[in-house]
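Topology and contacts: notes
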Amino acid sequence: MTAKAINLESSWKNLLQDEFSKTYFTEMAAFLRAEKQNGKVIYPPGALIFQAFKQTPLSKLKIVILGQDPYHNPGEAMGLSFSVPKGIKTPPSLKNIYKELKSDIGKTIPSHGDLSHWADQGILLLNAMLTVEKNRPGSHKKIGWQKFTDAVIMQISETQENIIFMLWGRFAQSKKALINTKKHYVLEAAHPSPLARGAYFGSKHFSKANHILSQLQKAPIQW
């Protein structure tokens, strides 16, 4: 996983190029190569690790939705936080996101969990960790990904303006310190996981985001 091998959209690559040569990143790349050589199954597949950046160019960025870990079951992780490919059962947190969408803006609940249409509209679906070992949630929490994704958040905060950050749950909210709230919008809510016992419902982040975008004279998201 060298800088040349990382297939990022060019504007992201220019923004983040310094990170790829840092010690933590080269050590993380070596760790992932060794894990695969030792027979470990890593999700998402290598070609999809940076999918969020490929699918949402920096020039189109409107919203960042921060997740934590990629899904760790076969076939689920696709490089976009909270999203699963069509044909894969919708995970519980995403089911709750869909329920909130219906309650907030009357959106019909989709029959699939693929959020690619969000990414295509300028929503960076960013996980704090970009890889995970099969059936071991949190297994790559300390290998260096958080240094990289923290740098992503700080670079967005520093170089962009009027980005909407949706921070769901305590982990995501801990990243608020990386964001210049005088330049950007931060929407906070409980995590959509069933473990939050419904505290996420009623947050109305989808209508709030579109209201902000309208005020900024930007096209609203077709959720």
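The text that follows walks through the structure, step by step, so that each part is easy to find. (Residues numbered from 1 in each chain as written. Predicted model: local features only at pLDDT ≥ 70, side-chain atom pairs only at ≥ 80, totals over all residues. Heavy atoms only, no water.)

1. A look at the packing of helix α4 (residues 92–105) against helix α8 (residues 205–215)
- Between α4 and α8, the least distance of the axes is 8 Å, while the angle of their chain directions is 60°. Taken together, the axes of α4 and α8 lie oblique to each other. Across the interface between the two elements, Ile97, Glu100, Leu101, Asp104 and Ile105 of α4 pack against His205, Phe206 and Ser207 of α8.
- Here the residues of the contact of α4 with α8 sort into four nonpolar, two polar and two charged. (Axes fitted to C-alpha atoms, helices over the stretch in contact; angles between N-to-C directions. Helix = DSSP H or I, 4+ residues; strand = E, 2+ residues; numbered from the N terminus. Parallel < 35°, antiparallel > 145°, perpendicular 65-115°, else oblique. Contact = heavy atoms within 4.5 Å. Nonpolar A, V, L, I, M, F, W, Y, C, P; charged D, E, K, R; others polar.)

2. Some thoughts on the nonpolar core
- In this structure, Trp12, Phe53, Trp145 and Phe148 are the most contacted members of the largest nonpolar core, which totals 64 residues.
- With residues near it in sequence (within four places) discarded, Trp12 still touches Phe53, Thr56, Pro57, Leu58, Leu61, Leu124, Val152 and Ile156. (Core = buried A, V, L, I, M, F, W, Y, C linked by side-chain atoms within 4.5 Å. Buried < 20%, exposed > 50% of the residue type's maximum accessible area, 1.4 Å probe, protein only.)

3. A word on the layout of surface pockets
- The calculated volume of the largest pocket comes to roughly 590 Å³.
- Forming the boundary of the largest pocket are 33 residues, of which Gln68, Asp69, Pro70, Tyr71 and Ser93 lie nearest the centre.
- Where the lining of the largest pocket is concerned, the elements lending two or more residues are α3 (51–55), α4 and β3 (123–127).
- With three residues, β3 is the single largest residue contributor to the lining of the largest pocket.
- Considering only residue class, the lining of the largest pocket consists of 18 nonpolar, 12 polar and three charged. (1 Å grid on protein atoms, 1.4 Å probe; cavity = no way out; pocket = protein on both sides within 12 Å on 5 of 7 lines; lining within 4 Å. Points joined across faces, edges and corners; volume = space filled by probe spheres on them.)

4. Regarding the side chain of His112
- With respect to the helices and strands, the residue His112 is situated in the loop between α4 and α5 (116–119).
- A polar contact of 3.1 Å, which involves the side chain of His112, links it to the backbone nitrogen of Asp114. (Polar contact = N/O pair within 3.5 Å; in protein donor to acceptor, adjacent residues only side chain to side chain.)

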